[in-house]
Amino acid sequence: MKAVIGILLVIEVYPLVWMFLTSLKSNSDYLNNSTWSLPTTWEWGNYTEAWTTGHIGLYVRNSLLAVIPSLALILLMGAAAGFALQIMVWKGRSLTVLIFLAGVMVPAQMILLPLFSVYFRTGISGTLWPLILTYTGTGLPLTVFMMATYYKSVPREVFEASTLDGASILRSFWTISLPMVRNAILTVGLVQFFFIWNDLLVALTFTNSQDLRTVQVGLLNFTGDFGSTQYGPLFAAICINVLGTLLIYLFLNQKVMKGLTGGAVKG
């Protein structure tokens, strides 16, 4: 078992180490020497070039400006909808769940052209709003379905008791339900964060200037005319991108595991 774990660890870690070492190579070093060799000279300036000349700092900022509002809207509306679908009793709940499930099955490629036309006519093209609205709309169906599943593990008697004590539906949602499913919200939020952060298709479709490009689109700038590529700065930019997401996952790993375990409990 230890040997298997060791092999899996090498498989997972080695690409990261190789990527970091490649980010410290010059172009000639990368092209002329073995792919697996250590850098001949350690080009730490590749990171400076990626941040300044490659504008990776600008792209990271744009990604954050698109991700944070989208994630906030997805989690707030998704948690509220999951609460309404699973805890509240009203006609049409089953049909509404099916509608959200249908939204999960719609590929993003099918809606990009209609959305582009809508955004252009409403005058919000050339801003980050098309990204925020598209990420929110495409992320909600899965979030609502997952949150409704997590709410199954919450005893309904808790909300019945709060109602008898005079608590309104809104208060029950904010002060009772959200603290009880906080690990689930964190888990869903992390999943949606990686979906949005790693998106290329939507960002490439709706960003028409360098000032609006996100990280994934910005990485394309490191490939010049006729396929010429600055490999050192490119891998340095990729390392900067990967490092942030890796630290987020390592920091939140235990809470994510608790959230996944909570979602496995059936009501």
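This section reports on the structure supplied with the text. From a predicted model like this one, the values you see are computed outputs, not experimental measurements. (Residues numbered from 1 in each chain as written. Predicted model: local features only at pLDDT ≥ 70, side-chain atom pairs only at ≥ 80, totals over all residues. Heavy atoms only, no water.)

Looking now at the overall build of the protein. A tally of helices and strands in the protein yields 13 helices and zero strands. Taken from N to C terminus, the helices and strands of the protein fall in the order α-α-α-α-α-α-α-α-α-α-α-α-α. For the protein, the C-alpha atoms occupy an extent of roughly 75 × 60 × 30 Å along the three principal directions. Every one of the 267 residues in the protein was classed for burial, and the buried ones make up 37%. (Helix = DSSP H or I, 4+ residues; strand = E, 2+ residues; numbered from the N terminus. Buried < 20%, exposed > 50% of the residue type's maximum accessible area, 1.4 Å probe, protein only.)

For the rest of this paragraph, the subject is the side chain of Thr207. Position of Thr207 among the secondary structure elements: in the loop between α11 (201-206) and α12 (215-218). Looking at Thr207, the relative accessible area reads 9%, which means it is buried. A polar contact of 2.4 Å, which involves the side chain of Thr207, links it to the backbone oxygen of Ala203. Dropping the residues within four chain positions of it, Thr207 is found in contact with Leu131, Leu212, Arg213 and Val217. (Polar contact = N/O pair within 3.5 Å; in protein donor to acceptor, adjacent residues only side chain to side chain. Contact = heavy atoms within 4.5 Å.)

With that settled, consider the nonpolar core. Judged by nonpolar contacts, the single largest core of 50 residues is most densely connected at Ile56, Leu131, Met147 and Tyr151. Ignoring any residue separated from it by four or fewer positions in sequence, one finds Ile56 in contact with Ala50, Trp51, Val215, Leu219, Ala237 and Ile240. (Core = buried A, V, L, I, M, F, W, Y, C linked by side-chain atoms within 4.5 Å.)

This part is about helix α6 (residues 108-122). For α6, which comprises 15 residues, the first-to-last C-alpha distance of 20 Å matches the rise-based estimate of 21 Å (1.5 Å per residue) to within 8%. Considering bend angle alone, the principal kink of α6 is centred on Pro114 and spans about 30°. A positive backbone phi angle near 80° is found at Gly123, which sits one or two residues after α6. (Expected span 1.5 Å × (residues − 1). Bend = angle between axes of the 7 residues up to and from the residue.)

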